[in-house]
Amino acid sequence: MSIFDRMSSGWKITMTSMKVLKANKQLLTFPVLSGLTLLVIAAAFFVPMWSGYQSMLEKIVDKDGTMYLVMFGGYVVGYFVIVFFNMALMHCTRLYFNGEEATVAKGLQFSMSRIWVILQWALFAGTIGTILKIIQDNAGWLGKIIIGLIGFAWSIGTFFVVPILAYEQTGPADAVKRSVQLMKEKWGERIGASFSFGLINLLLFGIFGITGLAVSALIHEGAGIAIFLLGLPVMFIVNSALNSIFISAVYHNISTDIETHFSRQMLDGLFEEKQK
């Protein structure tokens, strides 16, 4: 498959994901809840420390090893929140594919039923992230490059982790192995097409940017800046929802037929077969 064919497939899958999102606008609730939850947790931790105990915070950060413990806690909380709401969104997507009613409540209830598995994953991924950070901080420039490559491989290898944790009875380590296995056995070792989500982000960026400039010139500079800044979280929310819809569709295409919205040829075309 040529690069142009892959770009075409990526664009088609993005547009189809947009159609699914348009039919289920409530799916946008999950990335909104995820972002707000992380902001509230961060504020609850940092605001009191910064306002009344700044010196204590500096001592904690400066103390050997303590900084990495704080970092580990941040990783665990972050992974837990993100996976919790992503899993809820993917479950709603699955309900929609199966012709069932998809509601925010059903998504949240499902994630609550898998909360122990989500916590296990958060602890596992947080440990990996902290170890990589420690190595990165204490390695030379070559070590930093290697760690960067490992991080990239980790993101590819964990592509299917969230739906695997949701629907397969497995732990974190086995979920990673299963995810890697699916990438290798089904479509090969690497993603072979662009999802074109970057084009959507670029389009949204242009819309908010041009609108902000127009408002700045015609009405008020502050209002124009506000419109542009408000556009950034909108871009994040839409992109996050589309990405989760895509992952859910590809995962379920492995064992089920969801040709109503995603043709098998379209999904398979997003990945290159492993060259033998």
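Everything in this summary refers to the structure shown in the same document. (Residues numbered from 1 in each chain as written. Predicted model: local features only at pLDDT ≥ 70, side-chain atom pairs only at ≥ 80, totals over all residues. Heavy atoms only, no water.)

Turning our eyes to something else, we now look at the overall build of the protein. Within the protein one finds 12 helices and zero strands. Beginning at the N terminus, the succession of helices and strands in the protein can be written as α-α-α-α-α-α-α-α-α-α-α-α. When burial is assessed residue by residue, the protein has 39% of its 276 residues classed as buried. Counting contacts in the protein only where the partners sit at least 6 residues apart, residues at least 24 apart contribute 75% of the total. Summed over all atoms, the accessible surface of the protein reaches about 15,300 Å², with 68% contributed by carbon and sulfur. (Helix = DSSP H or I, 4+ residues; strand = E, 2+ residues; numbered from the N terminus. Buried < 20%, exposed > 50% of the residue type's maximum accessible area, 1.4 Å probe, protein only. Contact = heavy atoms within 4.5 Å. Areas by Shrake-Rupley, 256 points an atom, 1.4 Å probe, with all protein chains shown as cover.)

What follows deals with a nonpolar patch on the surface. The grouping of Trp141, Leu142, Ile145, Ile146, Leu149 and Ile150 at the surface amounts to a nonpolar patch, some 650 Å² of accessible area in total. Within the secondary structure layout, Trp141 lies in helix H7 (residues 141-157). Judged by relative accessible area, which is 66%, Trp141 ranks as exposed. (Patch = residues over 30% accessible without salt bridge, like charges linked within 9 Å, V, L, I, M, F, W, Y side chains within 5 Å. Salt bridge = Lys/Arg side-chain N within 4 Å of Asp/Glu carboxyl O.)

This next bit is on the nonpolar core. Leu21, Leu27, Phe30, Met87, Trp121, Phe160 and Leu165 are the most contacted members of the largest nonpolar core, which totals 46 residues. Sorting the residues of this core by element identifies helix H1 (3-23), helix H4 (66-97), helix H6 (115-138), helix H8 (161-167), helix H9 (172-187), helix H10 (197-218) and helix H11 (221-255) as the ones contributing at least two each. Ranked by residue count, the leading element in this core is H4, at 11 residues. (Core = buried A, V, L, I, M, F, W, Y, C linked by side-chain atoms within 4.5 Å.)

This brings us to the packing of aromatic side chains. Applying the stated rule across the entire model yields 11 aromatic pairs. Their ring planes at 35° and their centres at 6.4 Å tell us that Tyr75 and Tyr79 sit as a pair that is tilted. In this pair, Tyr75 and Tyr79 are both assigned in helix H4, four residues apart and thus about one turn of the helix distant. Relative to Trp154, the ring of Trp121 has its centre 5.9 Å away and its plane inclined at 5°; by these criteria the two rings are stacked. Within this pair, whereas Trp121 is found in helix H6, its partner Trp154 is found in helix H7, the two being separated by 33 residues in sequence. Classification of Trp121 as buried rests on a relative accessible area of 5%. (Phe/Tyr/Trp six-rings, centres within 6.5 Å; stacked < 30°, edge-to-face > 60°.)

A separate point is the environment of Phe97. If you trace the backbone, Phe97 turns up in helix H4. Residue classification places Phe97 among the buried residues on the basis of a relative accessible area of 12%. Spatially, the C-alpha atoms of Phe97 and His252 are 9.3 Å apart, while their sequence positions differ by 155 residues.

So, about the environment of Tyr68. With respect to the helices and strands, the residue Tyr68 is situated in helix H4. Each C-alpha atom of the pair Tyr68 and Ile134 lies 7.6 Å from the other, and the pair is 66 residues apart in sequence.

Moving on to H4. Given a rise of 1.5 Å per residue, 32 residues ought to cover 46 Å, and the 46 Å separating the end C-alpha atoms of H4 matches this to within 8%. Looking one or two places after H4, you find Gly99, whose phi comes out positive at around 80°. (Expected span 1.5 Å × (residues − 1).)

The next subject is the pattern of salt bridges. Taken as a whole and judged by the stated rule, the model has one salt bridge. With a closest N to O distance of 3.1 Å, Glu168 and Arg178 form a salt bridge. Remark: Arg178 occurs in helix H9 and Glu168 occurs in the loop between H8 and H9; sequence separation between them is 10 residues. Overall, the relative accessible area of 19% leaves Glu168 in the buried class.

If you check which residues of helix H5 (residues 104-113) are buried, you get Gly107, Phe110 and Ser111. Down the axis of H5, the buried set is contained in an arc of 100°. They therefore lie on one face. Residues Gln109 and Ser113 are exposed on H5 and point more than 90 degrees away from its buried face. (Arc of directions from axis to C-beta.)

As a further point, take the packing of H6 against H7. H7 packs onto H6 with a crossing angle of 160° between their chain directions and a minimal axis gap of 9 Å. Compared by their axis directions, H6 and H7 come out roughly antiparallel. By crossing handedness, the relation of H6 to H7 is classed as left-handed. Of the residues in H7, those in contact with Trp121, Phe124, Ala125, Ile128, Leu132, Ile135 and Gln136 of H6 are Lys144, Ile147, Ile150 and Trp154. Residue composition of the contact of H6 with H7, grouped by class: nine nonpolar, one polar and one charged. (Axes fitted to C-alpha atoms, helices over the stretch in contact; angles between N-to-C directions. Parallel < 35°, antiparallel > 145°, perpendicular 65-115°, else oblique. Left-handed = near helix turned anticlockwise from the far one by under 90°. Nonpolar A, V, L, I, M, F, W, Y, C, P; charged D, E, K, R; others polar.)

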